[in-house]
Amino acid sequence: MSQMDRFGYTTIIGNCLTILALWGPCMRWEGKDSRRWLMLVPALMLVFLWAGGTNARGQAIDAAQVERGIEQAVRFLLGGQQADGGWPEYNPQYPRGVSSLVTLALLTAGMDPEHASMTRAMRYVDAQELERTYTVSLQTMCYCAANPNRYAAQIRRNTLWLMKAQTPTGAWSYGQGFGGGGDPSNSQFALLALHEAQRSGVVDLPEAQWKQVFQRAADYWIGKQNRDGSFSYDDGKQPSGSMTCAGIASLVILGEHLTALQSRATDVLQCCTADDEAPDRVGHGLQWLARNFDIQTNPGMNSYHLYYLYALERVGRLTGRRLIGNHDWYREGAHHLIRLQNKTVGKILSNSPYQGNDYSETAFALLFLAKGKRQPLITHGEFRSTVADDWNRHPMAIQHLTAHTEQAWKRELSWQTVDLSQATVSHLLETPVLFLSGTRQPRFSDREKKLLKDYVEQGGFLFIEAGDGDGCQGKEFEDYIRRLVVELFDAPLEKLPPEHPIWHAEARILPADLPRNAWLYGVQTCCRLGVVYAPFSLSCRWEQHLPYGKPLDLAPEVQRQLETGTKIGLNVLAYATGKDLKERLDRVTVLEEVRNLAPTDRNVFYLPVVRHGAGFDDAPRASIHLIQWMNQENPFRLSSEKRYVNLTEEELQQYPVVFMHGRGRLELTAAQRKALRTYLENGGFVFANAICADTEFTTSFRQEMAQILQRKLEPLDPQHPMLTPDYYGFDVRQVRIIDPDDLGDGVVVGQRRAPPQLEVGQLAGRLCVVFSPLDISCALESRHSLQCRGYVRDDAARLSINVLLYALQQ
């Protein structure tokens, strides 16, 4: 909390002296004034401690720093562009090589292909038919990144050139007619180009031709892998990080294409086959990379450092690995590259020897930073089972679902895989959705079960499927999951009705569209589902439904099932996230229990929930999370222990602030109204909101307050000091508000920045009631819901903290 940083021990001492000055006189007061001060003085002590504290939870690198680094690198590269549209080359044998690499990096960083600098760059890159594997490959990737339809003829020409250049070993050398068996460096670039060309969908070649090229390449890479999982440039020589990354990424790409090309038109969808037990060559390579992981140098080779980091990013992204070993590869890599960056001119150069110039090296660094920072969407959970790798029967499924989501949402996204046995809640909260799949009984430890429960309670969303049917036997997994859900959430899975928004959050799905005996089930948490379960294999359908390239020749019924399965996946993701995703390096907020270890409640702040007859506990963790969030920002003497308070004078007077929320019609008795008015007259404060923006609660709460205060609630001035840092909180004069609308075949989720919609009540000239007709509680409890009009979670927390800090200083 940056506004706190200016406070130090001098402020704390001064505030403590102020407390003493106030405390002495108030001890001699009598009547209602003494009751008011007895409530407020301990609270004031807490506020002064808050104002004196600082938040030391800093991070080594964040999204804003990376974005600035990317902008500086882009400016440096654009500044080096020559009059002809290209960049200085360092080797005349590779004409337009550096220019193609820089152009690709700029396009990847988000430069508009129609920008004047990019049109000049593409004109230069396209001006010559190239004859070297490296340059032909980079040129092809530029065509695909800029506009594959415009450059379709060039992509096809280069694709045929690369296919012809493949050696009998399945590798690529420096070009056609160079002889030899090829090398892994040229081979990885050729394969990357063919991968992008095939994905572009503009190269219409026979499937047999693609399959022959990819199969020969797969044979080459399989033969290149060392027994320890690594790859070397020359057989029998020292392995290196750059070549091992090249091998891993190539195996992933080849596995994807060969799996797709082996699909055949059948009348029946087949999800489990007898040949599922293939050697895990990718996993073997990742193990070597984890053992030899390094960011500051190319493992096994004191050169080609930034070339290695470009390859490392590709491995992390294509395999979905958030961690390689115990290393957060993107965070560590981004931190290292930003440290290497010359902040004056923006270029990024390694300290190790390299074969290039300032522009090629900065381009490699920019590719790492730009490609790796994509917003994370979904985590695939790895777990132990009675069958090895049962969690990952369809390895390309999550990658394909993410690609389909990118197309639907029109933004670049990423996915990740996390081993639950090593994960923390913080790791899982990097993405809003955790996907679990299996056919056999999982072996979740008690720690892993608690991890899943904590993840949902912290706002995460569990998306679970049993791979049953279509050739698979998943009843064992289904029985286990149904028991586990009851164990963790004290509620069974319930069938979701056809009108539930999950059936049309992105695209409308009718019961007739589903496979026989297929449905979705869920567990409700506050205003939304926290768990969704499918008793059939969606991942099988995602894997076989290619998001790019030429569609497979499948039977119509099979094609329909694949499309429906993908629509279900898109709907669940839209429902779970509201399409609001964090940036890759944004801080993850993990809320933890705040316990009062003192022998008494003296000087400890509690926030009790008011009991009433209109759903007073329908968002049971909202107040708990608010206190935990407050403690997370700047800890002082708080307790997140859940307490309730009845509307009686005796109970209310124990607390300076009470929390009130609900849905449905609120009806108070005359005695309750009298107790609440007395509480407010004595200095108490009510903070309230309508759960999920419930209009009936809003109307009835306003009516009750009008009777209690003898005046209506009034809109809060959008410039009121409560919404500013004046009370040591945040500047929340502008917040993000979610406006969901259920229209047509999808749920339209609007998000706008606007002043908070708060209403206030006064008594004897003192502001003593703050009410939000927009939802706060569901946002605090989990995430904002597609069904709720209200604040996004971070802003709901900051706004609430400001209200509490203001209340405690009145």
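Scroll up a little and you will see the structure.
Since this is a predicted model, take the numbers as computed values, not measurements.

1. Some words on the side chain of Thr-439
Of note, Thr-439 is situated in the loop between strand 5 (433-438) and helix 17 (446-457). If sequence neighbours within four positions are ignored, Thr-439 has contacts with Asp-390, Arg-393, Gly-467, Cys-472, Gln-473, Gly-474, Glu-476 and Phe-477.

2. Topic: the packing of aromatic side chains
Counted according to the given criterion, the structure contains 30 aromatic pairs. Pairing Phe-461 with Tyr-575 gives two aromatic rings, centres 6.3 Å apart and planes at 65°, and the pair type is edge-to-face. A residue pair is termed long-range when its members are at least 10 positions apart, and Phe-461 in strand 6 (residues 461-466) and Tyr-575 in helix 20 (residues 556-577) qualify at 114 residues. Taken individually, Phe-461 and Tyr-575 each receive the classification buried, so the pair is uniform in this respect. Between Trp-503 and Trp-519 the ring centres are 5.0 Å apart and the planes differ by 55°, which places this aromatic pair in the tilted class. Here Trp-503 is found in the loop between strand 7 (494-495) and strand 8 (521-525), whereas its partner Trp-519 is found in the loop between strand 7 and strand 8, with 16 residues between them in sequence. Comparing Trp-503 with Trp-519, the two get one shared label, buried. The rings of Tyr-94, Tyr-134, Tyr-174, Phe-178, Phe-189, Tyr-304, Tyr-307, Tyr-310 and Phe-364 are connected pair by pair, giving a single aromatic cluster. Just above the ring of Tyr-548 sits the side chain of Arg-199; from NZ or CZ to the centre is 4.0 Å. We note Arg-314 situated over the ring of Tyr-310; from NZ or CZ to the ring centre the distance is 4.5 Å.

3. Some words on the pattern of salt bridges
For the coordinates displayed, the defined rule picks out 37 salt bridges. When the shortest N-O distance is used, the salt bridge between Asp-479 and Lys-475 registers 2.9 Å. Linking Asp-479 with Lys-475, this pair stays in helix 18 (residues 475-489), spanning four residues, or about one helical turn. Residues Arg-663 and Asp-618 are paired through a salt bridge, measuring 3.0 Å at the closest nitrogen-oxygen approach. Residue Arg-663 is found in the loop between strand 12 (657-662) and helix 23 (670-681), and its partner Asp-618 is found in the loop between strand 10 (609-610) and helix 21 (622-633); the two are separated by 45 residues along the sequence. Assessed through its relative accessible area of 32%, Asp-618 is described here as partly exposed. Salt bridges sharing partners connect three or more residues here, namely Arg-322, Asp-328, Arg-331, Glu-430 and Lys-582.

Rules and cut-offs
- Residues numbered from 1 in each chain as written.
- Predicted model: local features only at pLDDT ≥ 70, side-chain atom pairs only at ≥ 80, totals over all residues.
- Heavy atoms only, no water.
- Helix = DSSP H or I, 4+ residues; strand = E, 2+ residues; numbered from the N terminus.
- Contact = heavy atoms within 4.5 Å.
- Phe/Tyr/Trp six-rings, centres within 6.5 Å; stacked < 30°, edge-to-face > 60°.
- Buried < 20%, exposed > 50% of the residue type's maximum accessible area, 1.4 Å probe, protein only.
- Lys NZ or Arg CZ within 6 Å of the ring centre and 35° of its normal.
- Salt bridge = Lys/Arg side-chain N within 4 Å of Asp/Glu carboxyl O.

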